[in-house]
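# Descriptive structure summary
Below, each chain spelled out in residue letters.
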Amino acid sequence: YECKEMHHNVSRFVAASNKYSVVRLSLMTELKSGIEKGQLQLNYQPKVDLKTGKIVSVESLVRWRHPEHGYIFPDEFIPLAEQTGNIRHLTHWAIEESIKQHLALKEHGFDIKMAINISAVDLIDLALPPFVANLLSKYQVEPNVLIFEVTESAIMADPEQAITALNMLRNMNIKLSIDDFGTGYSSMEQLKRTPVDELKIDKSFILDLSNNSDDMIIVKSITSLAHNLGLTIVAEGIENQETMAILADLGVETGQGYFMSKPLEAKLLKAWLMGNSGVFSSDDKDSKHTK
Ligand code: C2E
Ligand code: MG
Ligand code: MG
Ligand code: MG
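Since the structure is predicted, the reported quantities are computational estimates derived from the model, not experimental observations.

## A word on the coordination of the magnesium ion (ligand 3)
With distances of 2.1 to 2.6 Å, the protein atoms coordinating the magnesium ion (ligand 3) are Asp179 (OD), Asp180 (OD), Glu236 (OE) and Glu236 (OE). Mapped onto the polypeptide sequence, the residues donating to the magnesium ion (ligand 3) form the spacing pattern D-D-x55-E. What makes Asp180 partly exposed here is its relative accessible area of 24%.

Given below as structure tokens:
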């Protein structure tokens, strides 16, 4: 059994350098039926407490097993799905699938929070909050099991609307995270008004952290800003031990990255959880599931 996630470079489908290539556009006409035919899957990447090594949640990341084009990563179809309005189906599917996965893990004794990426378009969809409320009652799942990750640029696209939508979700007791933080130019004023629980520092500041003093300054500043505002901080893109140690020293609570685990298919996530008993230790770093 092979995990495709390990072969990024080999099997990665690239439609074309042109954003609006014919292949990419035609993918959009297939997205909805692709979802219905079960061609989309979520992989799950753990977020880990940097002090204790315990898993705090997993992030759901979509992949498309296309019968013709093979394994397609989200950067190839999410942006276009956002522009064509198709993203709504995908978001609804991803939330339901994540809830099902939460329940499946619970049967094995793991109580794991699920982080789901929500796009700017979803924030102007007034049907989203009631849709989520329905799912939660249908599956009898507590709202605080869900974390919605919204990118900083999605919020900045229409801050008034975004804040309204985020308030509705927050009032339902869903946790909110600002994704790719540091790349979207939000102001302090904006941040103060945005109902949010966590900032997720963009991986562009983390990947080279141990060699780059500018990144170090930026990460330090974002961390103290977050803490002063009472927010939790998450670093994504941790690829080595040294970076993990630096972040832990800086007081960053939570980390995510290939060093701990790549995004895993559901059954590999279960294996990872069982192998780790929910606890990450550096002995696991060469495990075939995570590297
Ligand atoms: P994101 O939410 O910022 O997710 C982080 C991306 O970084 C993921 O790429 C993840 O696989 C990758 N990553 C994680 N750890 C490392 C690391 O240590 N090093 C490096 N180099 N990369 C790492 P992925 O899965 O290709 O997803 C790309 C983006 O697509 C996501 O960025 C998110 O914006 C979007 N996306 C993924 N799934 C969904 C979805 O279900 N709905 C929506 N609306 N967007 C999604
Ligand atoms: Mg994310
Ligand atoms: Mg991100
Ligand atoms: Mg991103």
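## Observations regarding the coordination of the magnesium ion (ligand 2)
For a metal with four tetrahedral donors the ideal donor-metal-donor angle is 109.5 degrees, while six octahedral donors give ideal angles of 90 or 180 degrees. Looking at the metal site, the magnesium ion (ligand 2) is ligated by Glu59 (OE), Asn117 (OD1), Glu149 (OE) and Asp179 (OD), spaced 2.0 to 2.3 Å from it. Site description for the magnesium ion (ligand 2): donor spacing in sequence, E-x57-N-x31-E-x29-D.

## Digging into the site of ligand 1
For ligand 1, the set of nearby residues contains 23 residues, the closest of which are Arg63, Asn117, Asp179, Glu239 and Tyr258. The contact in question runs from an oxygen atom of ligand 1 to an N or O atom on the side chain of Lys203, over 3.1 Å. Contact distances for ligand 1 include 3.3 Å between an oxygen atom and a side-chain N or O atom of Glu236. Expressed as a share of its isolated accessible area of 800 Å², the protein-covered part of ligand 1 is 89%. Listing elements by their share of the shell around ligand 1, those giving two or more residues are strand S2 (55-66), helix H4 (87-107) and strand S6 (175-181). Here the shell around ligand 1 takes four residues from S2, the largest share from any one element. Considering only residue class, the shell around ligand 1 consists of eleven nonpolar, four polar and eight charged.

## Some points on the pattern of salt bridges
According to the stated counting rule, one finds ten salt bridges in the structure shown. In this structure, Glu265 engages Arg65 in a salt bridge whose closest nitrogen and oxygen atoms are separated by 2.9 Å. In this pair, Glu265 sits in the loop between strand S9 (254-256) and helix H12 (266-276) while Arg65 sits in strand S2, placing the two residues 200 residues apart along the sequence. Its relative accessible area of 7% is what places Glu265 among the buried residues.

## A closer look at the pairing of strand S1 (residues 40-49)
Counting buried positions along S1 yields nine of ten residues, so the element is predominantly enclosed. Pairing analysis gives nine bridges linking S1 to S2, with the strands arranged antiparallel. What sits directly across from Pro46, in S2, is Val58. The antiparallel hairpin formed by S1 and S2 contains five residues in its connecting segment, where Gly53 sits at a positive phi of about 80°.

## A few points about helix H11 (residues 241-250)
Buried within H11 are the following residues: Thr243, Met244, Ile246 and Leu247. In a view along the axis of H11, the buried residues occupy a sector of 160°, so they form one face of it. Those residues of H11 that are buried are in contact with helix H10 (213-228) and strand S8 (232-236). At the C-terminal side of H11, Gly251 shows a positive phi close to 90°.

Calculation notes
Residues numbered from 1 in each chain as written. Chains lettered and ligands numbered in written order. Predicted model: local features only at pLDDT ≥ 70, side-chain atom pairs only at ≥ 80, totals over all residues. Heavy atoms only, no water. Donors = N, O, S within 2.8 Å, 3.2 Å for Na, K, Ca; no water. Buried < 20%, exposed > 50% of the residue type's maximum accessible area, 1.4 Å probe, protein only. Near = heavy atom within 4 Å. Polar contact = N/O pair within 3.5 Å; in protein donor to acceptor, adjacent residues only side chain to side chain. Areas by Shrake-Rupley, 256 points an atom, 1.4 Å probe, with all protein chains shown as cover. Helix = DSSP H or I, 4+ residues; strand = E, 2+ residues; numbered from the N terminus. Nonpolar A, V, L, I, M, F, W, Y, C, P; charged D, E, K, R; others polar. Salt bridge = Lys/Arg side-chain N within 4 Å of Asp/Glu carboxyl O. Pairing = 2+ DSSP bridges. Arc of directions from axis to C-beta. Contact = heavy atoms within 4.5 Å.

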